[in-house]
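# Structural description and commentary
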Amino acid sequence: MEEKYQKLKEYISGLKRVAVAYSAGVDSTFLLKTAVDALGADNVLAVTAISDVMPSDELEEAKNFCQSLGVSHQTVFFDALKMKEFVSNPPDRCYYCKKSIFTLILSVAEKLGFGLVLEGTNA
């Protein structure tokens, strides 16, 4: 396990400067902390997509964790209920939702000088 972690840190350290799509879940929290360990807080940006359905305490936890790491934290508002591809509830609704969220996250990251966004999806 430690060897895999070191490989991940080594890989991230070669990226120089990254934004992390930060949902405050376990996977993105691990990835954000690893990016900070590899690059330092000044080279990492956390971006959280928020919506009307996100509990306010989750956003507060995300802000607090980023603050504890010394990481800049940005939020983008996402309204899934305005997306016909989401509201009509097709089998591929998650694709459309994620695509829209990541388009917003990438836009914020690029505006702030972070051309690469990491995210913690895994099998």
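Up top is the structure these notes are about.
Inspection of the entire model under this criterion finds 2 salt bridges. Two residues, Lys-33 and Asp-37, come together in a salt bridge whose shortest N-O distance is 2.6 Å. With Lys-33 and Asp-37 both in helix α2 (residues 26-39), this residue pair falls 4 residues apart, about one helical turn. Residue class for Asp-37 comes out partly exposed when judged on its relative accessible area of 35%. We note a salt bridge from Glu-85 to Lys-84, for which the minimum N-O separation is 3.9 Å.

Let us now look at the side chain of Thr-48. On the secondary structure map, Thr-48 appears in strand β2 (residues 44-50). Side-chain polar atoms of Thr-48 contact the backbone oxygen of Tyr-22, separated by 2.7 Å. For Thr-48, the contacting residues outside a window of four places in its chain are Tyr-22, Met-54, Leu-59, Ala-62, His-73, Gln-74, Thr-75 and Val-76.

Counting residues in hydrophobic clusters, the biggest one holds 16 residues, and the most contacted among them are Val-18, Val-20, Leu-32, Val-44 and Val-71. Counting only elements with at least two residues in this core, the list comes to β1 (18-21), α2, β2 and α3 (56-69). Residue contributions to this core peak at 5 residues, all from α2. Sequence-distant contacts of Val-71, defined by excluding residues within four places in its chain, comprise Leu-32, Val-36, Ala-41, Val-44, Leu-45, Ala-46 and Cys-66. Counting residues in each nonpolar core, the second largest holds 14 residues, with Ala-19, Ala-80, Met-83 and Phe-114 among its members.

As judged from the 6 bridges shared by β2 and strand β3 (residues 72-77), these two strands associate in the parallel manner. Looking across to β3, one finds that Ile-50 is bridged to Phe-77. After leaving β2, the chain enters α3 and then returns to the sheet as β3, a path that is right-handed.

Rules used throughout
- Residues numbered from 1 in each chain as written.
- Predicted model: local features only at pLDDT ≥ 70, side-chain atom pairs only at ≥ 80, totals over all residues.
- Heavy atoms only, no water.
- Salt bridge = Lys/Arg side-chain N within 4 Å of Asp/Glu carboxyl O.
- Helix = DSSP H or I, 4+ residues; strand = E, 2+ residues; numbered from the N terminus.
- Buried < 20%, exposed > 50% of the residue type's maximum accessible area, 1.4 Å probe, protein only.
- Polar contact = N/O pair within 3.5 Å; in protein donor to acceptor, adjacent residues only side chain to side chain.
- Contact = heavy atoms within 4.5 Å.
- Core = buried A, V, L, I, M, F, W, Y, C linked by side-chain atoms within 4.5 Å.
- Pairing = 2+ DSSP bridges.
- Right-handed = clockwise from strand over helix to strand, strands pointing away.

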